[in-house]
Amino acid sequence: MSLRVEDLKIYYCMKRGECKAVEDISFNIEKGDSVGLVGESGCGKSTVAFSILRMLPFPGEIMDGKILLDNEDLVTLSEEQMRRYRWTKISMVFQGAMNALNPIIRVKDQITEAIRTHNPSISKSEALKSARELFKLVGMDPNRINNYPFEFSGGMKQRAMIVMALACNPKFLIADEPTTALDVTVQAQIMELLKKLVNDLGITLMLITHDLSVVAETCKKVIIMYAGKIVESGSVKEIFAQPLHPYSQGLIASIPSIEKSSNQSLASIPGSPPNLLKPPTGCRFHPRCEYSQEVCRTEDPQIEELKKDHFVACHLSSGRIASEKYNQVIQKVKL
Amino acid sequence: MINSSDPLVSCRKLRKWFPVRNDFFSQLRGHEVWLKAVDGIDLDIFQNDMYCLAGESGCGKTTIGKLLIGLIEPSDGEVYIEGKNLSNLSHRDLRKLRAKIQTIFQDPYSSLNPRLSLYDTVAEPLRLNKLVSSSSEEEERVVKAFEAVQLTPAEEFTFRYPHELSGGQRQRVAIARAIVVNPRFIVADEPVSMLDVSIRSEILNLLQKIRSEFQIAYIYVTHDLSVASYIGDKIAIMYLGKVMEKGSIKQVIHGAIHPYSRALISAVPSPNPTRMRKREILPGEPGSPINPPPGCLFSPRCKYAKQKCFSEEPPLEEVEPGHFSSCWFPQEPLKLDFDPRDTLIEASQIE
């Protein structure tokens, strides 16, 4: 199942004004891909995920653009048609597994409910059987399915959420920060599980996270967003070896790592992300960019394919303007 | 003044057990249930140290932080600050001592009073501890604290309120409030975990700068080993209220011998996609600190566990100078690979 997003524009229309949460983003996810969507909080990554399922919270609205799932535009579907697509074609693992399960209903009832709502012809016992199978798949004891959520630990709740997402056999899975609030050891377990789902079941995965290292370990491709726009996208190998956008460079250089050999101080990006009610003119990153020049303030850089499958939206990397220091950095990081 | 070779803060056999359903009848029957949050910890923190406490959630790292600054009372054991035993101090002496101890909390969105201006927020510790005699002196010290955390020009910030600031700026205010009294010791409880990645490194660098400027000793509580290895000098890896391994960052992170530290380190995701590190995936989750198992606490999850581990508890022993580990069967030191981002960081520092 492939997904193509074209010129998607999502605004939150409030009394205070329009919050331009997502502006003209386009990307492509092929069947069997695992794609990481990365960015800081408030950059619009979760908004993109919710818009794909057409579950945007009020007052969010898709203003323009197409979301093509196997050439069918999800934006134009009726609510009833969309309801049939949810969970059977695309499903989602929500952020904060701790709170996503109903605390007063047994886990098995929550999972079989999802199965039977989308396919009423399945009998209760059949639904339970497939739920137990899924429990085995995610590495849990199938007998625990009779428990209530409070009897589960954090990692087990997250696994139960993954079972829920897989209940109707979808081919496209969106995981929205599946490991926030979990310990690193449990995070490693969940990420291994997601990788296994992609490799063994042929599921297409879109992983939303703020942690670049998680993407580096789990995904094949990465899309980096900043203030509602895609700044860079491409294969994980290429972007981590040679990030071209100044924001990606700053982001990658600013994460502390246990493998650091030297004692240099970490790089950081000065300032903080902009208010999207009044985004900066031109390139949205220019107030924080150390290379910014006149054209960055006035003209919005278009996203361009600079190398095969490596897209960047920056006046510098496209060569429209030049900076001595930027060229030196690029030369140096070329591995 | 204490001798610089003596620890600034230390604790001996520190223990904090919380009662769980210990009513009169269960005491009569001898069925007492305790949550052993901290169970027999020895630590020495010297001046200008950055001591990290790391471990999974529920391992007691935050509780130790609270014990060391006297926010909660230990069930057993002693805490010494500048050589004075905290539990023997009178109320008045404790209050005096507290002016030298400060904390920075995890969540800058809830640790600042929304109804106090930033000036009052930062000036409050000075007033409470009666450290200033005049308002001009107060102002001078507050402005100095704002400048130390790089909220400049200070006049632009002093009369604003927390809601006008971003997360990173709020955390700076929290740091300014901690350093305004010229403390000797700061407990920082996950100060960057709520912040965005691009802002995190700024705050980490700021904490480092303040440490070298003011000669402050830190306890840095974190679950993120990559942050610990960047900022710390020494580290203690904890599991269910006990120290599994402690020593310098170099000894513990770059040469872990305890199976738990090794597993914890190898679970940290690596930013190098070109290399697939062989991972030790740790099964299960930490057990409960309520009535923990006999023997080594980690034994139920340890793949190297043998008979002895389930029955006898390993002592915390010095394996090389300054490097302690509590394990019957320590492993080969874990080797870490080179990080490709080093080149990017180097490159970004071209002048």
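Look up a bit, the structure's there.
Residues numbered from 1 in each chain as written. Chains lettered and ligands numbered in written order. Predicted model: local features only at pLDDT ≥ 70, side-chain atom pairs only at ≥ 80, totals over all residues.

## A short note on the overall build of chain A
- Counting its regular elements, chain A contains 12 helices and 12 strands.
- What you see for chain A is a C-alpha radius of gyration of 21 Å, in line with the 20 Å of a compact globule of 335 residues.
- Each of the three principal axes of chain A carries a C-alpha extent, and together these read 70 × 50 × 35 Å.
- Per-residue burial for chain A yields a buried fraction of 50% across its 335 residues.
- Long-range contacts, defined as pairs at least 24 residues apart, comprise 63% of the intrachain contacts of chain A with a sequence gap of at least 6. (Helix = DSSP H or I, 4+ residues; strand = E, 2+ residues; numbered from the N terminus. Rg over C-alpha atoms; globule rule 2.2 N^0.38 Å. Buried ≥ 20, exposed ≤ 12 C-beta atoms within 10 Å, placed from the backbone. Contact = placed C-beta atoms within 7 Å.)

## A word on the nonpolar core
- Counting 192 residues, the largest nonpolar core has Val163 and Ala167 of chain A together with Ala176, Ile219 and Tyr220 of chain B as its most contacted members.
- Considering each element in turn, this core owes the most residues, eight residues, to helix H6 (residues 154-166) of chain A. (Core = buried A, V, L, I, M, F, W, Y, C linked by C-beta atoms within 7 Å.)

## Looking at the sheet that holds strand E8 (residues 217-222) of chain B
All names here are of chain B.
- Ordered by their spatial adjacency, eight strands build an open sheet running E6-E7-E8-E3-E9-E10-E12-E11, and the pairing between neighbours is mixed. Each having just a single partner strand, strand E6 (101-104) and strand E11 (317-320) make up the two edges of the open sheet. This sheet shows a mean twist of 20° between the axes of neighbouring strands, independent of strand direction.
- One ladder, built from five bridges, connects strand E3 (residues 50-54) with E8; its direction is parallel. Residue pairing in the sheet places Tyr51 in a bridge with Ile219 of E8. (Pairing = 2+ DSSP bridges. Axes fitted to C-alpha atoms, helices over the stretch in contact; angles between N-to-C directions.)

## Comments concerning the packing of helix H4 (residues 118-128) of chain B against helix H7 (residues 167-179) of chain B
Residues and elements named next belong to chain B.
- Where H4 meets H7, the closest approach of the two axes is 7 Å, and the angle between their N-to-C directions is 30°. What the angle tells us is that H4 and H7 run roughly parallel. Where H4 crosses over H7, the two elements pack in a sense that is right-handed. Each of Leu118, Thr121, Val122 and Pro125 in H4 lies in contact with H7, whose residues at this interface are Val173, Ala176 and Arg177. (Parallel < 35°, antiparallel > 145°, perpendicular 65-115°, else oblique. Left-handed = near helix turned anticlockwise from the far one by under 90°.)

## A look at unusual backbone geometry
- The peptide bond linking Phe58 of chain A to Pro59 of chain A adopts the cis configuration, its omega dihedral lying at 0°.
- Looking at the element boundaries, Pro59 of chain A is found in the loop between helix H1 (45-52) and strand E4 (60-69).
- With a phi close to 45°, Asp7 of chain A is a non-glycine residue in the positive phi region.
- Its location among the elements puts Asp7 of chain A in strand E1 (residues 3-14).
- Look at Asp7 of chain A and you get exposed, because 11 C-beta atoms sit within 10 Å.
- One non-glycine residue, Gln215 of chain B, adopts positive backbone phi at about 55°.
- For Gln215 of chain B, a count of 13 C-beta atoms within 10 Å corresponds to the partly exposed category.

That's the geometry; what it means functionally is another story.
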